[in-house]
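# Chain and residue survey
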Amino acid sequence: MRVRASLLAGICASAISFPAFAQEGTDDDLEDPRLSSNVIIVTAQRQAQSLQEVPIAVSAFDAEALEAQQIENASDLQLTLPNVSFTKSNFTSSSFTIRGIGDLCVGVTCDSATAIHTNGSPLFGTRLFETEYFDLERVEVLRGPQGTLFGRNATSGVVNVVTAKPELGTFSAAADFEYGNYNSIKARGMVNVPLGDTIAFRAAGFYLNRDGFTTNLYDNSDIDGRDMYAVRGSLRFEPTASTTLDLMAFYFRENDDRLRIQKQTCQRDPTGVLGCLNTRRDFDSTNADSTLASVLTSVELFRIQGLPEALALGSVYDTDGDGYSNFVEPNDVRTVNTAFTPEYFADELQLQAHLDQGLGSMNLSLTGIYQETTVDSRQDYNLGILDRSAYATGLNTLAFFAANGVPTGLPAPAPAFFPGSSAYFAPIAAALIPNGPNGVLCTSDNDDGNLGAFEGNSICSDVPLSFDRSVQYQTAWSGEAILSSDFDGPFNFLVGGIYAETDVSENSYYVNSFGLDYATALLGTFAAFANVDGGGNPAPLPPSYLATSMYRNNTTDFKLKSFGIFGEVYFDITDRLQFTGGLRYNDDSKSVSARTTLADFLNPFGNGDPFTSPFVGGFDADDALPGNQLLQEREVNFDAITGRAVLDYEISPDNTLYFSYSRGYKSGGINPPLSPIFAVTDSFGSEQIDAFEIGSKNTFLNGAAQVNLTGFYYKYKDLQLSRIVARTSVNDTIDANIWGLELETILRPSYNWLINMNISYLNAKVAGDQFFSNPRDPGGGDPNAVIIKDISNGSLCAVTSDAGSAVATNGFVGAFNEALGLQGPTPFPSDGGIASNGAFSICQALQDTIDAPPAVLANIFGTRADGTLPFSVLSPGVEVNLRGNRLPQAPEYKASIGVQYTAEFDNGMSLVPRFDLAYTGEQYGNVFNGNVNRIEPFVQANASIQLNGSDNRWFVRGFVQNIFDSNSVTGLYVTDASSGNFTNIFTLDPRRYGIAVGAKF
C-alpha cells in the first residue's frame, strides 16, 4: 500500500506545546524542514498510515494538540471538529453526534450510533465521556459509517482513544498540577520504567476535585462539583522484532454531587392540563396539577373513587394555585433551589490485551478486552420546592384516621368509627408523617429493590421531596482477530472477525415522591379495607398499599451476543489509483427481562419485597401472554451484510482525491413494557444507511498549508428516535436524508505560526411522510380536538370528532365530565402554541362511553353505523407529519479557528500563546422542531499562554476556558405528560481559568 509522509496530520495535530526544535532560521520559511516533519500515524483502516493518505474523513489529535487546544474530554471535541456535536442526555446518557447521527435511541437495548473504542476495541456503556483525557498517544474521530472494520457497527462514526504505550529501554516521567477557580485542583502524572531490554511498564493517572458550578439557594451550597480519579497501567513485551504484546488495565471512579441535567425550563400552563406550553422555554416551573402525584391525590379522583375528599392533598382546579405557583424559579442556569442534594457515582474497569505478530509479509493482530461499568445517580426530579400548605387538610385527616379510624357517620348507639379501621391508616401516618401532620414529610428511598417508606426505607424533609434515580451495572467482553498483508505488489488484504458479549444485570430508572407514596398508600388501603368476597360480603384484606410505591422502569437482565466477519481488499490499479473494497456480515442477538411498576398490586405493610406479596398475582408485566407474568421477556435477532467501496487517486504526492460508498447498519432493539399500557411496538427495527462521500486531501506550499474538503450524502432508512410515552422512553424509526460539506484547513506561514480553520454545513431532514404524536401538543394543532389530562394515570390523550367539529367535541367531553363532577374543556393561553382546548378527565372511560353510549348522548350526538358515538380517543395524541423536519442535535453550521504563535528566545526558552474560537449554529432538541425545541447558536472561546523551559523539561501555563462565560445549551429533553412536559436542558461548563505547572524527565 502507498505510504507517504505529509504535513500536519489531523486538525492541529501538530499544535506544539513543548517545541522540539532549537531556534534556527532559514532564508525561506516555506522551505523550513520543520514544516514537513510533523506526521501523525493513524489506524483508521486498521493499519498504520499517515492521516493524510487515508481515504476517510478522519481527524486526529495527538497529545500535544489535546493539551494546546484544552481538549480535556469528549465534550470539548465538538468545539473544533466539523459536523460533530456532543451533549449529555437523560438517564445518565450522552450523545456524540456525527453528521446529524447520534444516540437518538434511548434504552438499555439500544446500540450506539457512534462507536467508542479504546485502542481499537469496542466499549459498551462506557463512562469515558465523564472522565478526562490523560497520557494519550492520540484521539481519532472517523466520520461516516465504519462498520466494515471497526468494532460491531457504527452508523455515524468512530471515536478511538489510543493510549500511550510503554517505551522500551527508556526511563521517563512527567507530572503537572493545575489550580483554577471553583477551587479546582487537578493533578496528572506518568512514569515509564524499562524492565530489561524487552519489557517496559508505564503507569499514569489523574485526579480532579473542584467545587460545584451551580448555586443551590435552598441551603446556599454549591452543587454539580467533581471528585474523580483514574489510573492506567500498561505493559509492553517485545521478545522479537516481529512480536509485540501489550497489556493494559484502567480504572475510573467518580463520587460527587454532579447534576445529570443543568436546568429545567417551562412555559407555564395555567390550566394544568399540559403543565408546560408549546411556544417558549421560560425559567419557570411546570404546573404541579399536571403531575401524576397531584392527580392521584386530587379531590376529583377521590370523589370519583368514593374516597373521603378530606384526605385529598388538593384539587386540580385549586383557585389558590398549585404547589409551584409561589415558587420563584431562579432566572439563571447556574442557580437552582432544591431540597435534595444530587448524588453521582460512576466507575469503570477495563482490562485489555493486544498481540501483534509479524508473519513475513503479513501481520496477525489479536485483541481482547473485558469491561465492568457502574453508574448510579440521583437528583431532584423537578429542581424546585413544592409548597405543602395545601396538604394541611389531607394530612390532618390522615392523622385523625390513624388515631381513631374511619368515621361511620352513623348516629349513636352505632359505633362512631369502623372497628379496626385505624390499623389501616396508622402504618401510613407512621411512615409518611412520623412526627404528625405538621412535622417532616417522608418519601420512599430506594436501594436496588423496591423497598420504600412502608418498609422503613425513607428520606424525610420539611418539604415534599421528589427525586429520581438512574442506575446500571454492566459487564462486557470482546475478542477480535485481524490478519493483514503488506505485499510489495499491487494487491493487499485484511480479514478479521469479532465476537462480543455484554450483560446488564440491573438497569433501573426510579421516580420517588411524597405524593406517589401518599397516593399508593391511600388507594391501596381503601381497596384492602373495602374488599368484598364473591358473595358481596365485606372481607377486608390486610392493611396494604399499592406496590410499587415508586415508579420503577426495571430491566433485570439484558444480554447481547454479537459477532461479525469482515474483510477488505486493496488493489493498486495504477501507481496513483487505488481501489478498496470491503464486506462485513453482522449478527446481533438480544434478550431482555423487564417490567414497569407503579401502584399495580396490593402489598401488606411491612411485608418487605413487594414481589413476595400474596397479591402479586394481580400484576402482569406482559399482557401478550395468558396469565400473570412477573417479567416481560423478549428476544430479537438482527443480521445484515454491509460493505464499502473506495477509489482514491493520487493527483500528486501531496494531493489526493477519493470517492466512497458505504452501507452502514445498527441493530434494532426492544421497547420496555409501559404502565399504563399504550399501543407501541414491542421492538424496533435496525438502522440502515447508504453513504456517499467525496473528498480531497491536499498539502500546498511545501507543507505550509493543508486543505481538506469533504462532501457527503446519506440515505437513511429506519433511523431510531426516542420519545417519552407513559413515563418511559420508547423508540420509533423514521427515514431521513442527510447531506453536507466539511472544510478543514491548517496554515503554517512560518514555523512560529500555526492557524487552523474549519467550517461545515449540514442538512439533515426527515424524508417522506412520517406520522407521530407530539408529546408537547397531543392535539396535533387541531382546533377541533380536546386534549385530556387523565386523572387516573397522569397521561394525555386527545378526543376528536368524526365531523371535525370543535362544538361537538367540546360538547361531548363537557357532557361526560359533568356526570363525573369535572369541569368542561377550556382554552389554553393564546401564546401557548396549542390550538385545541383542554380538560381533566379519564381517557379509558371516555372510550368506554363512545363504545357503549348512554341513550341521552346517542340522541344528542348521533351514532356511527356500529352504534358507537362519532368520536375517537387517540392515545397518546393526534399524529402529525414530520416530513421535512430537521433531525435533532444536527447544527446547520459549525466553524472554528485557532491561532498559535511560538516565540523563541535566545536562552532556548519559548512562549506559546494560543486562542481558539468555535461557533455552533442553530439546532433542535427533538424531531418535532418548533421554537420551543430550538437550541440557539453559541460561541465558545478559549485562550492559553505557556512558558516552556529551555530544555523542554518544565512549563508554566495560564488558561481560560469559555472566555465569554456563555451558558451554551447543547441539548434538551422533554419529559412526559405525567411529569408536566417540562424541558431538561444540558449546557457546557461556565468560564474556567487557572494556572498549571508541569515537568518531565
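Residues numbered from 1 in each chain as written. Predicted model: local features only at pLDDT ≥ 70, side-chain atom pairs only at ≥ 80, totals over all residues. Heavy atoms only, no water.

## Remarks on the overall build of the protein chain
In terms of helices and strands, the protein chain carries 10 helices and 53 strands. The C-alpha atoms of the protein chain give a radius of gyration of 31 Å, which matches the 30 Å a tight globule of 1001 residues would have. C-alpha extents for the protein chain along the principal axes are approximately 110 × 60 × 50 Å. Relative to its 1001 residues, the protein chain shows a buried fraction of 61%. Contacts spanning at least 24 positions in sequence make up 70% of the contacts within the protein chain whose residues lie at least 6 apart. If you sum the accessible surface of the protein chain, you get close to 35200 Å²; carbon and sulfur atoms cover 57% of it. Averaging the coordinates of the 61 positive side-chain charges in the protein chain and doing the same for the 113 negative ones gives two points 3 Å apart. (Helix = DSSP H or I, 4+ residues; strand = E, 2+ residues; numbered from the N terminus. Rg over C-alpha atoms; globule rule 2.2 N^0.38 Å. Buried < 20%, exposed > 50% of the residue type's maximum accessible area, 1.4 Å probe, protein only. Contact = heavy atoms within 4.5 Å. Areas by Shrake-Rupley, 256 points an atom, 1.4 Å probe, with all protein chains shown as cover. Lys, Arg positive; Asp, Glu negative; His and termini not counted. Charge placed at Lys NZ, Arg CZ, Asp CG, Glu CD.)

## A short note on the nonpolar core
Judged by nonpolar contacts, the single largest core of 49 residues is most densely connected at L311, L398, F425 and Y518. Within the residue set of this core, elements represented by two or more residues are α4 (299–305), α5 (392–404), α6 (422–432), α7 (514–529), β25 (544–547) and β28 (601–604). It is α7 that contributes the most residues to this core, 8 residues altogether. Other than its neighbours up to four places away in sequence, L398 contacts L311, F425, I428, A429, I433, Y518 and L522. (Core = buried A, V, L, I, M, F, W, Y, C linked by side-chain atoms within 4.5 Å.)

## Digging into the sheet that holds strand β17 (residues 263–265)
Backbone hydrogen bonds are what pair the strands of a sheet, in a parallel or an antiparallel way. Ordered by their spatial adjacency, 3 strands build an open sheet running β17-β52-β51, and the pairing between neighbours is antiparallel. The open sheet is flanked by β17 and β51 (969–974), the only strands paired with a single partner. Across the sheet, the axes of successive neighbouring strands diverge by a mean angle of 30 degrees, strand direction being ignored. The pairing of β51 with strand β52 (residues 983–987) spans 5 bridges and is antiparallel. Bridging from a neighbouring strand, L972 pairs with I985 of β52. (Pairing = 2+ DSSP bridges. Axes fitted to C-alpha atoms, helices over the stretch in contact; angles between N-to-C directions.)

## Remarks on the confidence of the model for the protein chain
Counting all residues, the mean pLDDT for the protein chain is 90, and 93% of those residues have values of 70 or more. A low-confidence stretch, residues 1–37 stays under pLDDT 50, and its non-local contacts, those more than four residues away or across chains, total 128 contacts. (pLDDT = per-residue confidence, 0-100.)

## Comments concerning the state of the cysteines
Scanning the model with the defined rule gives 3 disulfides in all. Across a sulfur-sulfur distance of 1.9 Å, C442 and C460 are joined as a disulfide pair. Residues C442 and C460 are joined by a disulfide whose S-S torsion is about 100 degrees; by sign, that bridge is right-handed. With C442 in strand β21 (residues 441–444) and C460 in strand β22 (residues 458–461), this pair connects stretches of sequence that are 18 residues apart. (Disulfide = S-S within 2.5 Å.)

## Notes on α5
The end-to-end C-alpha distance of α5, which contains 13 residues, comes to 18 Å, matching closely the 18 Å that a straight helix rising 1.5 Å per residue would cover. Among the residues making up α5, those that are buried are G394, L395, T397, L398, F401 and A402. Projected down its long axis, α5 carries its buried residues within an arc of 160 degrees, all on one side. Buried residues belonging to α5 abut α6, β21 and α7. Looking one or two residues beyond α5, the residue adopting positive phi is G405, at roughly 105 degrees. (Expected span 1.5 Å × (residues − 1). Arc of directions from axis to C-beta.)

## So, the pattern of salt bridges
Evaluated as defined, the whole model comprises 44 salt bridges. Among the ionic pairs, E254 bridges to R258, the shortest N-O distance being 2.9 Å. A relative accessible area of 7% places R258 in the buried class. Of the charged contacts, one joins D445 and R378 as a salt bridge, the two residues approaching to 2.4 Å between their closest N and O atoms. On the criterion of sequence distance, the pair formed by D445 in the loop between β21 and β22 and R378 in strand β20 (residues 362–380) is long-range, its members being 67 residues apart. For the residue pair D445 and R378, the accessibility class agrees, reading buried in each case. Each of E72, E132, E178, K186 and R992 takes part in salt bridges that share partners, so that together they form one network. (Salt bridge = Lys/Arg side-chain N within 4 Å of Asp/Glu carboxyl O.)

## Side note on the packing of α5 against α7
Close contact between α5 and α7 brings their axes to 13 Å; oriented N to C, the two are set at 45 degrees. Looking at the two axes, α5 sits oblique to α7. The two elements α5 and α7 meet at a crossing, and its hand is left-handed. Within the contact between the two elements, α5 uses G394, L395 and L398 and α7 uses F514, Y518 and L522. The class makeup of the residues in the contact of α5 with α7 is 5 nonpolar, 1 polar and no charged. (Parallel < 35°, antiparallel > 145°, perpendicular 65-115°, else oblique. Left-handed = near helix turned anticlockwise from the far one by under 90°. Nonpolar A, V, L, I, M, F, W, Y, C, P; charged D, E, K, R; others polar.)

## Section: the packing of aromatic side chains
Overall, the coordinates contain 35 aromatic pairs when judged by the stated rule. Their ring planes at 55 degrees and their centres at 6.3 Å tell us that Y229 and Y251 sit as a pair that is tilted. Linking Y229 in strand β15 (residues 226–240) with Y251 in strand β16 (residues 243–256), this pair joins segments that are 22 residues apart in sequence. According to the relative accessible area criterion, Y251 is partly exposed, its value standing at 23%. (Phe/Tyr/Trp six-rings, centres within 6.5 Å; stacked < 30°, edge-to-face > 60°.)

## A word on the sheet that holds strand β7 (residues 121–122)
An order of β3-β8-β9-β6-β7 is seen for the 5 strands of this open sheet, with the pairing classed as mixed. Each edge of the sheet is formed by a strand with only one pairing partner; in this case those strands are β3 (58–62) and β7. The sheet contact formed by strand β6 (residues 114–118) and strand β9 (residues 157–163) spans 5 bridges and is parallel. Along β9, the bridge assignment pairs I116 with V159.

## Regarding the side chain of E300
On the secondary structure map, E300 appears in helix α4. The buried charged residue E300 lacks any salt bridge partner; its closest oppositely charged side chain belongs to R303, at an N-O distance of 4.8 Å. A polar atom in the side chain of E300 sits 2.6 Å from the side chain of S315. (Polar contact = N/O pair within 3.5 Å; in protein donor to acceptor, adjacent residues only side chain to side chain.)

## Brief notes about unusual backbone geometry
The general pattern is negative phi for most residues beyond glycine and trans for most peptide bonds. With omega at 15 degrees, the peptide bond leading from A412 into P413 counts as cis. Positionally, P413 belongs in the loop between α5 and α6. Omega for the bond connecting A547 with T548 falls within 30 degrees of zero, at 0 degrees, which places this linkage in the cis form. Within the element layout of this structure, T548 appears in the loop between β25 and β26 (551–572). If you check the backbone angles, R99 has positive phi at about 55 degrees while not being a glycine. Residue placement: R99 occurs in the loop between β5 (93–98) and β6. Positive phi outside glycine occurs at N220, with the angle close to 55 degrees. With respect to the helices and strands, the residue N220 is situated in the loop between β13 (214–216) and β14 (221–223).

## Comments concerning a nonpolar patch on the surface
Taken together, the side chains of Y649, I651, L657, F659, F692, I694, Y713, W739 and L741 make up a nonpolar region of the molecular surface, amounting to roughly 800 Å² of accessible area. For the nonpolar patch, the secondary-structure elements that each account for two or more residues are β29 (632–652), β30 (655–666), β33 (687–700) and β35 (728–747). Its place among the elements puts Y713 in strand β34 (residues 705–725). (Patch = residues over 30% accessible without salt bridge, like charges linked within 9 Å, V, L, I, M, F, W, Y side chains within 5 Å.)

## Here we look at the pairing of β20
In this structure, strand β19 (residues 343–359) lies alongside β20, joined through 17 bridges in antiparallel fashion. In the strand pairing of β20, G358 is matched with N363. Between β19 and β20, which pair antiparallel in sequence order, lie 2 residues; one of them, G360, sits at a positive phi of approximately 70 degrees. Sheet analysis places β20 next to strand β23 (residues 466–485), joined by 19 bridges and oriented antiparallel.

## Overview of helix α8 (residues 806–820)
Compared with the 21 Å implied by 1.5 Å per residue over 15 residues, the 21 Å span of α8 between its first and last C-alpha is a close match. Inspection of α8 places A808, T809, N810, F812, V813, F816 and N817 among the buried residues, and these make up the whole buried set. Looking at the buried positions of α8, the neighbouring elements they touch are β38 (786–790), β39 (796–801), β41 (837–841), α9 (843–851), α10 (855–861) and β42 (871–874). Residue S805 occupies the N-cap position of α8, its side-chain oxygen lying 3.4 Å from the main-chain nitrogen of V807.

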